[in-house]
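Coordinate inspection notes
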Amino acid sequence: MTPTRRDFLKDTGVAAIATAAAVGAARSLAQSGFAGARTVRTTHLEIGYEEHGDPSGTAMILLHGFPYDVRCYDGCIAPLVAAGHRVLVPWLRGYGPTRFLDPAAPRMAEQAAIGQDVVDFADALGIEGFATAGFDWGNRAACIVSVLYPERVIGQVSVGGYSIQDTVNAGRPMPARTASRFWYMWYFNTEAGRAGLEADRHDLVRYLWETWSPEWHYSDEDYARSKPSFDNPDFVDIVIHSYRHRQRNAPGEERFLDVERRLAAGPKIDVPAIVLHSTASGLGGRPSDDDSGDRARFTQLVARRIVEGAGHNLPTQRPDAVAEALIELVG
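Note that the structure is predicted; figures quoted are calculated from it, not measured.

On to the overall build of the chain. When you go through the chain residue by residue, the secondary structure sums to 14 helices and nine strands. Against the globule reference of 20 Å for 331 residues, the chain gives a C-alpha radius of gyration of 21 Å, in line with a compact fold. C-alpha atoms of the chain, sized along the principal axes, occupy 75 × 45 × 45 Å. Of all intrachain contacts in the chain linking residues separated by at least 6 positions in sequence, the fraction that spans at least 24 positions is 77%. As displayed, the chain has an accessible area near 14,900 Å², and 52% of this comes from carbon and sulfur atoms. Side-chain charges of the chain comprise 34 positive and 42 negative groups, with the mean position of each set lying 2 Å from the other.

Here's what the structure looks like:
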């Protein structure tokens, strides 16, 4: 049936409205300090992300940690794109332009939720299989995805090794020297910690950057590029809940109770994996040359590498190591 002039005008109007909405959203993101960012909706979140490369290439999801953002992976993009891959770098819940859809929803960030966010993100983009790379919170999320959805993970680059936590059972106390390195965890489990993070989040973030990666000499301009990510209105609540939940000092979401019990058992990871360890992290000394621990956790371990010249924020300091490992796993 031939469309009428009215149908034509209607269709044109709908298209114009959609285009205007997209332009408006892009302008809003740019004005908030996230030029070039896109967003996609899942059941619970509107996730901000950056995308690079061939849309038909193998999808690679790069996951940042606390207290960092997508800028950590800037140095990884070019070699992955040159290898023909589709590179996706999302902001985790509580960071950057990522927002909860329900204003009344509790701002929770247990490990199971962040892992599920990755799968929901892939689903929203229509991606079935993908590779992951992550460190800190992002590594934990990637580990959880590999455990719960191994059929979807082509390969995993794990910065720091296995990091799934037992949030159900009380563990053995840390030795004093080890516990001292994790002072921020105990701090966030107090109301003084919440107040301190609320009062000056940027002071605390910069202190962690400097002490966790002591050989990384970033500039004020470098920090300014990431700064808007920590101004997310949910940042404080998300950080506080994450560190309290893992100490069993805050409840988790009911939908993840069974998942957390499963994760508490320390399930092995059965996907092709490369583990990278930093030599200069302020959270620990030089890693052991013994790979037996990683081999016990990662049943398809392709390689374990000790990366010189990198601290906690390994992807920023040694992006070549991350990109090379991903390309080795996927091709």
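Now that the structure has been shown, we can carry on.
For the structure on display, the rule yields 31 aromatic pairs. Considering the side-chain rings of F66 and F188, the 6.1 Å spacing of their centres and the 80° angle between planes classify their relative orientation as edge-to-face. With a gap of 122 residues between them, F66 in the loop between β3 (59-63) and α2 (74-82) and F188 in helix α6 (residues 183-188) connect regions that are remote in the sequence. A single burial state applies to F66 and to F188, both of which are buried.

If the charged atoms of two oppositely charged side chains come close together, the side chains can form a pair. Scanning all chains against the criterion turns up 23 salt bridges. Here R71 and E50 are joined by a salt bridge, their closest N and O atoms 2.8 Å apart. Taken together, the residues span a long stretch of sequence, with R71 in the loop between β3 and α2 and E50 in strand β2 (residues 45-53) at a distance of 21 residues. Both residues of the pair, R71 and E50, belong to the buried class. Across the pair E198 and R201 runs a salt bridge, and its minimum N-O distance is 3.3 Å. Classification of E198 as partly exposed rests on a relative accessible area of 45%. With relative accessibility at 13%, the residue R201 sits in the buried group. Taken together, the salt bridges that share partners define one network made up of E50, R71, D74 and R225.

The rules behind these values
Residues numbered from 1 in each chain as written. Predicted model: local features only at pLDDT ≥ 70, side-chain atom pairs only at ≥ 80, totals over all residues. Heavy atoms only, no water. Helix = DSSP H or I, 4+ residues; strand = E, 2+ residues; numbered from the N terminus. Rg over C-alpha atoms; globule rule 2.2 N^0.38 Å. Contact = heavy atoms within 4.5 Å. Areas by Shrake-Rupley, 256 points an atom, 1.4 Å probe, with all protein chains shown as cover. Lys, Arg positive; Asp, Glu negative; His and termini not counted. Charge placed at Lys NZ, Arg CZ, Asp CG, Glu CD. Phe/Tyr/Trp six-rings, centres within 6.5 Å; stacked < 30°, edge-to-face > 60°. Buried < 20%, exposed > 50% of the residue type's maximum accessible area, 1.4 Å probe, protein only. Salt bridge = Lys/Arg side-chain N within 4 Å of Asp/Glu carboxyl O.

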